[in-house]
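Inside the fold
The chain contents come next:
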Amino acid sequence: MTNDPATDLDAAPDATPSEVPGKNLSHRAQVAAMTVGELAFVLVGLPFYLLWVLPNHDDGTLPGLMPWAADGVSPLAAIAAAAGVLTVTFALFLILHRFFGRTHFQSEATDMLARDFSRADLVPLYLAAGIGEEFLFRVALVEPLGVVLSAVLFAAIHASYWKKPLIMAFVLVIGLLLGALYAYTQSLLLCALVHAIYNYGATVHLKRQMAAA
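Keep in mind that what you see is a predicted model, and the values were worked out from it rather than measured. (Residues numbered from 1 in each chain as written. Predicted model: local features only at pLDDT ≥ 70, side-chain atom pairs only at ≥ 80, totals over all residues. Heavy atoms only, no water.)

Quick notes on the overall build of the protein chain
Counting secondary structure elements, the protein chain contains 8 helices and 0 strands. Reading the secondary structure of the protein chain in the N-to-C direction produces α-α-α-α-α-α-α-α. Expressed as a percentage of its 213 residues, the buried residues of the protein chain come to 41%. A fraction of 72% describes how many contacts in the protein chain between residues 6 or more apart in sequence connect residues 24 or more apart. Accessible surface computed for the protein chain: about 11200 Å², of which carbon and sulfur atoms make up 69%. (Helix = DSSP H or I, 4+ residues; strand = E, 2+ residues; numbered from the N terminus. Buried < 20%, exposed > 50% of the residue type's maximum accessible area, 1.4 Å probe, protein only. Contact = heavy atoms within 4.5 Å. Areas by Shrake-Rupley, 256 points an atom, 1.4 Å probe, with all protein chains shown as cover.)

Considering the environment of Gly37
Checked against the element boundaries, Gly37 lands in helix α1 (residues 24-53). Accessibility expressed as a relative area gives 38% for Gly37, which makes it partly exposed.

Comments concerning the nonpolar core
One broad trend across soluble globular proteins is that nonpolar side chains are buried collectively. In this structure, Phe93, Phe170 and Leu181 are the most contacted members of the largest nonpolar core, which totals 39 residues. When residues of this core are traced back to their parent elements, those giving at least two are α1, α2 (75-105), α4 (119-140), α6 (147-156), α7 (165-185) and α8 (188-212). Filtering out sequence-adjacent residues up to four positions away, Leu181 remains in contact with Ala81, Ala82, Val85, Gln186, Leu190, Cys191 and Val194. Core analysis: the second largest hydrophobic core is formed by 7 residues, Val31, Leu122, Leu125 and Tyr126 among them. (Core = buried A, V, L, I, M, F, W, Y, C linked by side-chain atoms within 4.5 Å.)

Concerning the packing of α4 against α8
Axis separation between α4 and α8 bottoms out at 8 Å; the angle between their running directions is 140°. By the angle between their axes, α4 is oblique relative to α8. Here α4 runs over α8; the crossing is right-handed. Per-class residue counts for the contact of α4 with α8 are 14 nonpolar, 4 polar and 6 charged. (Axes fitted to C-alpha atoms, helices over the stretch in contact; angles between N-to-C directions. Parallel < 35°, antiparallel > 145°, perpendicular 65-115°, else oblique. Left-handed = near helix turned anticlockwise from the far one by under 90°. Nonpolar A, V, L, I, M, F, W, Y, C, P; charged D, E, K, R; others polar.)

Remarks on the packing of helix α3 (residues 108-116) against α8
Relative to each other, α3 and α8 sit at 75°, their axes nearing to 9 Å. Classified by the angle their axes make, α3 and α8 are roughly perpendicular. Seen from α3, the contacting residues are Thr110, Asp111, Leu113, Ala114 and Arg115; seen from α8, they are Thr203, Leu206, Lys207 and Met210.

As for the environment of Thr110
Looking at where Thr110 falls in the secondary structure, it is placed in helix α3. As for Thr110 and Thr203, which are separated by 93 residues in sequence, their C-alpha atoms are 7.3 Å apart. Beyond its immediate stretch of four places on either side in the chain, Thr110 contacts Tyr161 and Leu206.

Description of the side chain of Ser187
One can find Ser187 in the loop between α7 and α8. In terms of polar contacts, Ser187 uses its side chain to reach the backbone amide nitrogen of Leu189, at 3.4 Å. Within the structure, the side chain of Ser187 is placed 3.1 Å from the backbone nitrogen of Leu190, a separation counted as a polar contact. Not counting residues within four places of it along the chain, the set of residues in contact with Ser187 comprises Gly64, Trp68, Ala69 and Tyr182. (Polar contact = N/O pair within 3.5 Å; in protein donor to acceptor, adjacent residues only side chain to side chain.)

If you want it as structure tokens, here you go:
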């Protein structure tokens, strides 16, 4: 690490790598790689969708994709359900973060995202996470495996949280809520938006907490 304040992150604690001269390219490559990695969940889920889900629907629809919400569920009801899941999830996050803080309810991964990624960086990353993870764990797996087992698998892939049981339990609850939302709405769009908006809001909250510390 140099002593040049223009290139030393320690000398500019409020700067993200994307804002520090000389680090633009590598940081953008990191954001791009993580975004593509999240979208890759679609490729993982596609065989399950084609083999386990699509054959059960011979009415010309694409479950989870088109129409954007299930038959018999009004658009307003579907949106209200999504808003409810988002509200409950974020409220639970704020409560747990307030009472357990960094020791039990933050990890190196969440700290890194809050510290090193700008808000602009987070937008494509979290949209990709919403689309990729929700396609695999909700659209492709809820119908054949059920809400509970798909939520367990969703929690299991968050390996960076394995040493934080409280976070793992919270991720499982998120998986259950999103699974229930998908079972009701049959909408990748709504599940992906809830997922992305929650991730973004939680990370921005952590950014503010770090700035205030």
